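Residues per chain are reported as follows:
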Amino acid sequence: MAAEPYAWWSSLRHGGLLIAPARLAERFPAQAPPLSPWLAERLRRDLIRAADGSKDDRRAMVARVLELVCDLASRDDWLRGADLDSSWTRRDLTGAAVKPWGVWRPGSAAAFPVFWNDDDKLGLGRGRRGFAQVVEWLRRSNRHLALLTNGRQWRLIYAGLDHHAWAEWDVALWLEHGLAGPQVDALRALLSPATLKEGLGGGPSLLLGAVLDSRRGQAELTQALGERVRRAVELLIVSCGPALEGLDDVAP
């Protein structure tokens, strides 16, 4: 039985509007090609090791998934550790220094930052601060997309001037009956060289373009609905006007 189209997208948790269904269908495959048996086995072993291991094991797993599963493979495209100089540091609202754990930058302005967070749950409890720091970092850096992870959860974040949205993976759901599930397909569909690289002429990447078009479409829809409501109210007033005036004539 064929998998439901875009099952990989519906398998994720969502906060706000990241990509509208119409933009999803325009730019992303309904189903991802199967993961190779070798890579699926490598992923399974890495997940088991990270689940029972230390923070360093989880960080190593994150790096391997990005490089192998997402095909962001060339180490020359990554900035980590000492390669991330002070130009990547921003101060949050409390004055604390915030810097990515790594940045995928394939020789273009379309850098994709990855942030590490030690909290048990992203966006909940103490994890709210880490999420807020990434949103603020993006705004201060005039960038829009980033990945925040603690090794167990992976959250793709979009930050605009006055709004944000996200989609989130749960590593515990990546394998189904020992095989790569829809959430792994989502990784490969959303986080790949084809979706993250800068567009033609220095335009937004495919992923960012889909998000921006979704936001633009939502704004246009809101405006159109507002105009229709205004016209409907005007029509109602015009239609009922004579009857309302007649009530004034019979009032005691």
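Reading guide: rules and limits
Residues numbered from 1 in each chain as written. Predicted model: local features only at pLDDT ≥ 70, side-chain atom pairs only at ≥ 80, totals over all residues. Heavy atoms only, no water. Helix = DSSP H or I, 4+ residues; strand = E, 2+ residues; numbered from the N terminus. Buried < 20%, exposed > 50% of the residue type's maximum accessible area, 1.4 Å probe, protein only. Contact = heavy atoms within 4.5 Å. Salt bridge = Lys/Arg side-chain N within 4 Å of Asp/Glu carboxyl O.

Caption draft 1: Looking closely at the environment of Leu-122. On the secondary structure map, Leu-122 appears in the loop between strand S6 (112-116) and helix H5 (127-141). Assessed through its relative accessible area of 2%, Leu-122 is described here as buried. Distance in space between the C-alpha atoms of Leu-122 and Glu-168 is 9.4 Å, their sequence separation being 46 residues. With residues up to four places along the chain from it excluded, the contact list for Leu-122 reads Asn-117, Gly-127, Leu-148, Thr-149, Asn-150, Gln-153, Arg-155 and Glu-168.

Caption draft 2: Examining unusual backbone geometry more closely. Despite not being glycine, Asp-71 shows a phi value in the positive range, around 65°. Within the fold, Asp-71 resides in the loop between helix H4 (55-69) and strand S2 (78-80). Backbone geometry places Asn-142, a non-glycine residue, at a positive phi of 60°. Within the secondary structure, Asn-142 is located in the loop between H5 and strand S7 (145-149). Asn-142 gets classed as exposed once you look at its relative accessible area, which sits at 67%.

Caption draft 3: Highlighting the pattern of salt bridges. Evaluation of the coordinates by the stated rule reveals 14 salt bridges. Notably, a salt bridge pairs Arg-44 with Glu-41, separated by 2.7 Å at the nearest N-O pair. Here the residue Arg-44 and the residue Glu-41 both occupy positions in helix H3 (residues 37-52), the gap between them amounting to three residues, near one helical turn. A relative accessible area of 28% places Arg-44 in the partly exposed class. Note that Arg-155 and Glu-168 form a salt bridge whose closest N and O atoms lie 2.7 Å from each other. Linking Arg-155 in strand S8 (residues 153-159) with Glu-168 in strand S9 (residues 164-170), this pair joins segments that are 13 residues apart in sequence. The same class applies to Arg-155 as to Glu-168, namely buried. Through salt bridges with shared partners, one network takes in Arg-42, Asp-46, Arg-49 and Arg-64.

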